[in-house]
Every structure is written in structure tokens, then in C-alpha cells.
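Summary of the model geometry
Chain residues, written in single-letter form:
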2 protein chains.
Amino acid sequence: MSNATFEFSELRKDPLVERWVIIAASRGKRPDQFKEEAETKPPGFCPFCGGNEHTTPPEIWAVRAPGTLPNTPGWDVRVVQNKFPALTIEADLQRSGIGLMDRMGGFGAHEVIIETPDHEMDLAVAPLEQINMVLEAYRQRVLDLRRDKRFRHIVVFRNFGAAAGASLPHPHSQLIALPIVPQLVKSLLSSALEHYSRKERCIFCDLIEQELAIPDRLVLENQDFLVLSPFAARGPFELQILPRRHMHDFTLMSEHEQWAFADILKQTLMLYRDVLKNPPYNMMLQTAPCAVPRPGHPEYWGTIEYDYHWHVELMPRLTKQAGFEWATGFYINPVSPELAKAYLRGEIEEPQAASA
Amino acid sequence: MSNATFEFSELRKDPLVERWVIIAASRGKRPDQFKEEAETKPPGFCPFCGGNEHTTPPEIWAVRAPGTLPNTPGWDVRVVQNKFPALTIEADLQRSGIGLMDRMGGFGAHEVIIETPDHEMDLAVAPLEQINMVLEAYRQRVLDLRRDKRFRHIVVFRNFGAAAGASLPHPHSQLIALPIVPQLVKSLLSSALEHYSRKERCIFCDLIEQELAIPDRLVLENQDFLVLSPFAARGPFELQILPRRHMHDFTLMSEHEQWAFADILKQTLMLYRDVLKNPPYNMMLQTAPCAVPRPGHPEYWGTIEYDYHWHVELMPRLTKQAGFEWATGFYINPVSPELAKAYLRGEIEEPQAASA
């Protein structure tokens, strides 16, 4: 873009509620372009496919065959900057207040984890080795970015299907590193801290124990992980993957645990694919922030090592958020988590058909 | 439905964050039915059209021609219970805890405000009289429902277009009365209270003053209302309608103000229709809750009369919520609120084209 005025991104805080937004004007389009995003791309061309490495921003990290060069073929998983980043590392982290308003410069990182050179690969049926390489990309990128002390939180997520916000169908995940801890993550951290302060126990570990005792919502398990249909699921067939072992940070997984995670993730995606017939979905990694700032101790972590527990959220996009959700932060879920579990496990034929 | 097991609704609180969901199993469908909701309806038949009154649940309120009977033709605006209610007034408001989990019975009300007998009416170009009748329906239903002291908050919203969650295209709004104050509303109330406690002023009144002084985000105004492109808009072309006069509760509008509100709402919807080419959108009324419970004073309102200020939020559905939003509560907005204002007012040709 030629006009600098429109290249800025900034972070803005709502003056009325604790909610930040990224104003990412470099991603701007005409209003009539929003709907047909997919169609505006040259048909048949995919920048993420093997052989098109020169069409993406430069490679940041990759699993590569020995002797191959960056930005050429020969890779299995490849990480690049997002071509239309919501935040950039070059931006100034200048903070300012304008009357009631608060803003800061659009400092951050926005990367794309291209999960395979193969456009048609489906992560649910990919070899375990491929899934494990994707997880390794998550881990390596998070570890690397955490070295920059200006980052406070790193979000890894995967959008599958256009209705889930994926603008390109080629299998990929994304990562956004933020200069602040987002509100929803703060809420999770506060609940965990509060529970720990009162009970000296991790709330997630307690939850796991409670859910294993009455397995109405236990969908899958292996030796290191379990998959729950959450008690207060925000939508039909939302699932939560939790490690059995207490870990606040997903990069602490042992090599063995990472393989077990690849296995349970594959099984979960297979359920979505086979039982729900391949719905669009979002996958979100919830792990500890980079550092928990406290007054006078900018990097004091408190009890986070003991009170927080990393996990993954998976949300099929089967219902639409409407006015009620926007107004309240409430969700209406038409499938109870217990029926969702029973349906996914093949214990009933359809969620409402037990009487049939 | 024949099986009572599947008729229950309940409210559940997430054990990890302050977030309630309605598990509304009576709205349950098979997973493969979610996508084709519109197509499963008999083509050409609309229960909300004039002449089909017998196909809806019984009429609760209506503007009717003298001498016509409820549930027959002859109405201009008609309110009925939602046929697939998320919450019902018959349900027991039983509260219980199950270990870490909290639930209560699915007590509440879920009504549909059918805005006209005419399937093809577009609220943006409807006569002002019709819009005013719709607002009167909102007001009358809220006033009536507030008499039931078990309700804590009433949400009025309008979903326009399938992508905004409207399952029927016939013009309608909805109302949900809740036994709790939702988290997002609580956040608004807390911010307002905190600001008032420190400054003895309404934060919304302060915001209005600030926005009128530098009108970069002032989209429309008439003598009683103004329309802002909010500083931290959650999405492209989000707008906020605020009364100039301080009022915590929208039912306090004078007759004159209600006409002025009808006028500004119509102008706003016209902008969406003409400038944005009729996008799907959600409209949300944010007004004071029924009562603010305080320890020992279940109906003590505190300073809410002075600190809170009702308003309307309008959100065109031009971007998709994806993994990042689910994970963080953050939003990425690709159109800056200042450009959105300029584009809506015809001051620039396209949001990113000022350099062209």
C-alpha cells in the first residue's frame, strides 16, 4: 500500500468495558469485498502449496530436508509471517490516552504455520508424524517469541473451513503474539489463582478428577490426555483437551507427551470429521502467558506454575452468534454437553432421538 | 416432543470463567441439520405472515385494529412466545451446585416481536409509524415482564439476515428475560459505577461530550440522539446509538424522544442498506437491568439512575469470529472506526482509498 496513513495497526481499549480490539487497517477491504473474500483470490493458485514458497513472506522456521534452502521446496512444515498481519514487530509499542480512550501501537507478531506442502491434506487423517511436526512448530515458535520480553501472551489457533474464518483452504494454523494479556485469558488466570489461593489445588486438576468420576462428559482419553465435553459448552460439540499431568505451559510437555497429544488431537479431529461430517471449527491453545506482571515485579509469576493448567479448546461452528450473544456474552447451546458426548461416542443415534 | 428428557433447558455457569450458557435442548437438532436450517422449512410458508396467526404460539401483545380478536389478522405489530424458547416461564428457578459446577433451571421468557404482517417489509424504509410501534412493543413488553421480580435482566435484540442468526426472513425482533444479569452487562454496569464513584459523572455522558468535540466518529445526530462509530469497534461499521439526555432505562424515553429514536434508527439502517449494500446485522438494546441486587438489599439500585445510560449497539456481520476471538475475547477489526464513519457519510469512496 502506498499511503502510510492506512498501514497502521493499533490496539484500542473500549472505554466502557475491559475489551481490547486490534484495528488492523492493513487488512482493510471495501465493504462489498468482505463477503466474497475467497472468490477474489486467483482460482487454483495457493501461496501455501509446495513450489510457491516465493509468494509468501520470508520463512521464519521450517522442518526441512537436509540440504534444502529456506523459501524453496523440501519442507514438511513451514512458518512465515502473515501476509496481512494484524500486528507487526516493527510497530512502535507507544501507549497513549486520549480522554476516556486508551490505545497502543500495533506491536506484535502474526505468523502462519503452514502444516504441509500438500493442499489436500486433512489433519484428521494425516500421519501422526505430520501432526507432531505441527505441534513442534507451535512449541518452537512460542519458545522463540517469548525471548522478546515485550510480548505478554501468545495465542496459537487453527481455523478450519471458511465459516470458521479460514480465508485459505490449505491446512494451516496461526499464531499471534500480543503486548498485553487478553481479557479472557486474564479471567482464566484469575479463576485459577482464586481457587488455588483458597484450596492450594489447581482448578483444572480438580475438574479432571470430578469429570473422571462421573464420565458423562468424558469423550476420549489416552494415557496422558483426556477430551471433555465441557459442562458449560458455548456451542454444540465444543470439546476441551486437557493433559492429565499438571502443567501450566504447553512447552513443558515431554517428547512422549507430545506424541500422546498428537494422538488425542487426531482422534478428536476424526470424531468431528466422521461423526459430525467435517464441520468448520476453531481450535485454540490456552497456555500460560509469557509473564504475569505484578506491581514492582514485572516478571513475577506468582503461583501460576501451580495454579494454571494448559489446555486446548475446539469449537465446531454449527450455530451462529446472534444479537443475544453480542449483547450479553452469554451463549445459547442447543445440544447439551452430555448428549454431545453420547452422540460423538456413538452411544445414541442423534442428540435428541433417545425416545425414537 | 414426546420425550420429557429432551425438553429441559438449564442455565450453566462455566467453572473456569464468569460465563453462563443456556443449554436449550428443546432447540436441539441433528448435527447435519444445523447448516440447512432455512431449507428445512416448508418453502413459501411463513408463520409470521398476516393470515398465519394460528401457526404461532398465542399472542401476548399486539397493536390491533379496533374490534379484531387476538390470533386473527388485523394487527400491525404482534408479540408471541418463541416457538422454540431458550428459556420458559414455566421452568423452575431451582439453583444447585454439583462440585465445581453451578446450574439453575431454565426459567425465563423468550418472545418474538413480529414487526409487521408484511413479509417483504424492510425496517430501513418502513414508515416511521411502523418503527415507532416496534419500539412501543419493546417498551410495553419490558415494562410488563419487569413486574415479575424473578427477572434480573431483559435483552431485546434484532437479527437481520441468515448470517446474523435470523432463522426466518420475516422482519422480527426478539426478547429474552433472564434470571441473572449477564457478564457483559455487569461489566458495563461496573465501569459506569466506577466512573461515577470517582467523578460523580456518567461515563456515557462524558463519552458523548468527548465525541462531539472531535467529531471523527460522529456518524449521525438529531435533536435527541447521536450515532457513533465506537473508538474500539469490535467489527467494521459497528455503530452505537446514544440518547443525548441522561437516562439509565430506555422505557423512560418521552413520547417525543421515542419518535426521535425511530427517526435515528431508520437513518442508521438506511446507511447500512444503501452504503453497505444491505449486510446482515445484529441490533442490541443495552438498558438497565430489572434490579441490581446488593447484599441485604435485593432491589437496591445504588446510583444506577445516575451512572448508567441506555444505548443501542448495531453490528454488521462482515467479518467472521475465528480462533483468535474465541481464545482471547479480543477482536480484529480491519476497518478503523474513523474510516468507517467517513465511508458511511460519503466523505471517502472506500475505506482504504483516501490515497487513490
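Residues numbered from 1 in each chain as written. Chains lettered and ligands numbered in written order. Predicted model: local features only at pLDDT ≥ 70, side-chain atom pairs only at ≥ 80, totals over all residues.

Side note on the overall build of chain A
Along chain A, the regular secondary structure elements total seven helices and 15 strands. A separation threshold of at least 6 residues defines the contact pool for chain A, and within that pool the share at least 24 residues apart is 65%. (Helix = DSSP H or I, 4+ residues; strand = E, 2+ residues; numbered from the N terminus. Contact = placed C-beta atoms within 7 Å.)

Re the packing of helix α1 (residues 128–145) of chain B against helix α4 (residues 255–275) of chain B
Residue and element names in this part refer to chain B. Closest axis-to-axis distance for the α1/α4 pair is 9 Å, and the angle between their directions is 115°. If you check the angle between α1 and α4, you find them roughly perpendicular. As for the relative orientation of α1 and α4, their crossing is right-handed in sense. Where α1 approaches α4, its residues Leu128, Ile131, Asn132 and Leu135 are matched on the opposing element by Gln258, Trp259, Phe261, Ala262, Asp263, Leu265 and Lys266. (Axes fitted to C-alpha atoms, helices over the stretch in contact; angles between N-to-C directions. Parallel < 35°, antiparallel > 145°, perpendicular 65-115°, else oblique. Left-handed = near helix turned anticlockwise from the far one by under 90°.)

Structural notes on the pairing of strand β2 (residues 20–24) of chain A
In terms of residue burial, β2 of chain A counts as a mostly covered element, since five of its five residues are buried. Here β2 of chain A shows two buried faces, one formed by Trp20, Ile22 and Ala24 of chain A and the other by Val21 and Ile23 of chain A. A loop of six residues connects strand β1 (residues 9–13) of chain A with β2 of chain A, the two strands running antiparallel in sequence. Relative to strand β15 (residues 331–333) of chain B, β2 of chain A runs parallel, the two being bridged by three bridges. Its bridge partner lying in β15 of chain B, Ile22 of chain A is registered against Ile332 of chain B. (Buried ≥ 20, exposed ≤ 12 C-beta atoms within 10 Å, placed from the backbone. Pairing = 2+ DSSP bridges.)

Things to note about the sheet that holds strand β14 (residues 311–316) of chain A
All names here are of chain A. Taken together, 10 strands build an open sheet; the order of strands is β3-β4-β7-β9-β8-β13-β14-β12-β11-β10 and the sheet is antiparallel. Because the sheet does not close on itself, it has two edges, and the strands there are β3 (59–64) and β10 (218–221). For this sheet the average axis-to-axis angle between neighbouring strands, irrespective of direction, equals 20°. In terms of strand pairing, strand β11 (residues 225–228) meets strand β12 (residues 239–243) through four bridges, oriented antiparallel. Bridge assignment links Leu228 to a residue of β12, and that residue is Gln240. Strands β3, β4 (75–81), β7 (109–114), β8 (153–160), β9 (172–178) and β13 (281–286) of the sheet are contacted by helix α1 (residues 128–145), whose axis makes an angle of about 35° with β4.

Considering the interface of chain A and chain B
Contact residues are listed per partner, giving 83 residues for chain A and 83 residues for chain B. Of all the elements, helix α2 (residues 183–199) of chain A adds the most residues to the side of chain A that touches chain B, at six residues. Within the side of chain A that touches chain B, the residues separate by chemical class into 45 nonpolar, 22 polar and 16 charged. (Nonpolar A, V, L, I, M, F, W, Y, C, P; charged D, E, K, R; others polar.)

With respect to the domain arrangement of chain A
Residues and elements named next belong to chain A. When its domains are assigned, chain A resolves into domain 1 (4–178) and domain 2 (187–344). The C-alpha centroid of domain 2 is placed 23 Å from the C-alpha centroid of domain 1. At the interface, 24 residues of domain 1 touch 21 residues of domain 2. At the level of secondary structure, the elements contributing two or more residues to the side of domain 1 that touches domain 2 comprise α1 and β8. (Domains from an automatic or database assignment.)

Side note on the environment of Tyr281 of chain A
Residue and element names in this part refer to chain A. Its place among the elements puts Tyr281 in strand β13. Residues Tyr281 and Phe250, spaced 31 residues apart in sequence, show a C-alpha to C-alpha distance of 21 Å. If we ignore the near neighbours within four places in the chain, the residues touching Tyr281 are Phe160, Gly161, Ala164, Tyr272, Leu314, Met315, Pro316 and Arg317.

A closer look at the pairing of strand β13 (residues 281–286) of chain B
All names here are of chain B. Taking burial as the measure, the six residues of β13 include six buried ones, the bulk of the element. Across the two faces of β13 the burial is the same, with Tyr281, Met283 and Leu285 and Asn282, Met284 and Gln286 all buried. Two strands pair when backbone bridges link them, and strand β8 (residues 153–160) and β13 are joined in this way by five bridges, in the antiparallel orientation. Bridge pairing in β13 links Arg158 to Met283.

Details of the relation of the copies chain A and chain B
Of the transformation placing chain A onto chain B, the axial shift is 0.0 Å and the rotation is 180°, giving an RMSD of 0.0 Å. What the superposition gives is, in effect, a two-fold axis relating one chain to the other. No C-alpha of chain A lies nearer the rotation axis than that of Gln321 of chain A, which sits 4.4 Å from it. Interface overlap between copies: 100% of the residues of chain A at the interface are likewise at the interface in chain B, consistent with a symmetric, same-surface contact. (Least-squares fit on C-alpha atoms with pLDDT ≥ 70 in both.)

Comments concerning the confidence of the model for chain A
Residue and element names in this part refer to chain A. On average, residues of chain A score 89 in pLDDT, and 88% of them are at 70 or above. Low pLDDT (under 50) marks residues 1–6, which in the prediction has 10 contacts with non-local residues, meaning those over four places away or in another chain. Predicted as a complex, the structure gets a pTM of 0.92 and an ipTM equal to 0.90. (pLDDT = per-residue confidence, 0-100.)

Considering the environment of Tyr343 of chain A
By the element assignment, Tyr343 of chain A lies in helix α7 (residues 337–344). Considering only alpha carbons, one finds Tyr343 of chain A and Val79 of chain A, 264 residues apart in sequence, at a separation of 36 Å.

Re α1 of chain A
For α1 of chain A, spanning 18 residues, the distance from its first C-alpha to its last is 26 Å, which sits close to the expected 26 Å at 1.5 Å a residue. Residues of α1 of chain A that are buried include every one of Ile131, Asn132, Met133, Val134, Leu135, Ala137, Tyr138, Arg141 and Val142 of chain A, and no others. (Expected span 1.5 Å × (residues − 1).)

Here's the deal with the sheet that holds strand β2 (residues 20–24) of chain B
The mixed open sheet is built from five strands, whose spatial order is β15(A)-β2(B)-β1(B)-β6(B)-β5(B). With one partner strand each, in any of the chains shown, β15 (331–333) of chain A together with β5 (95–98) of chain B form the two edges of the open sheet. Averaged over all pairs of adjacent strands, the angle between their axes in this sheet comes to 25°, without regard to strand direction. By the bridge criterion, five bridges tie strand β1 (residues 9–13) of chain B to β2 of chain B in an arrangement that is antiparallel. Among the inter-strand pairings, Arg12 of chain B is bridged to a residue of β2 of chain B, identified as Val21 of chain B.

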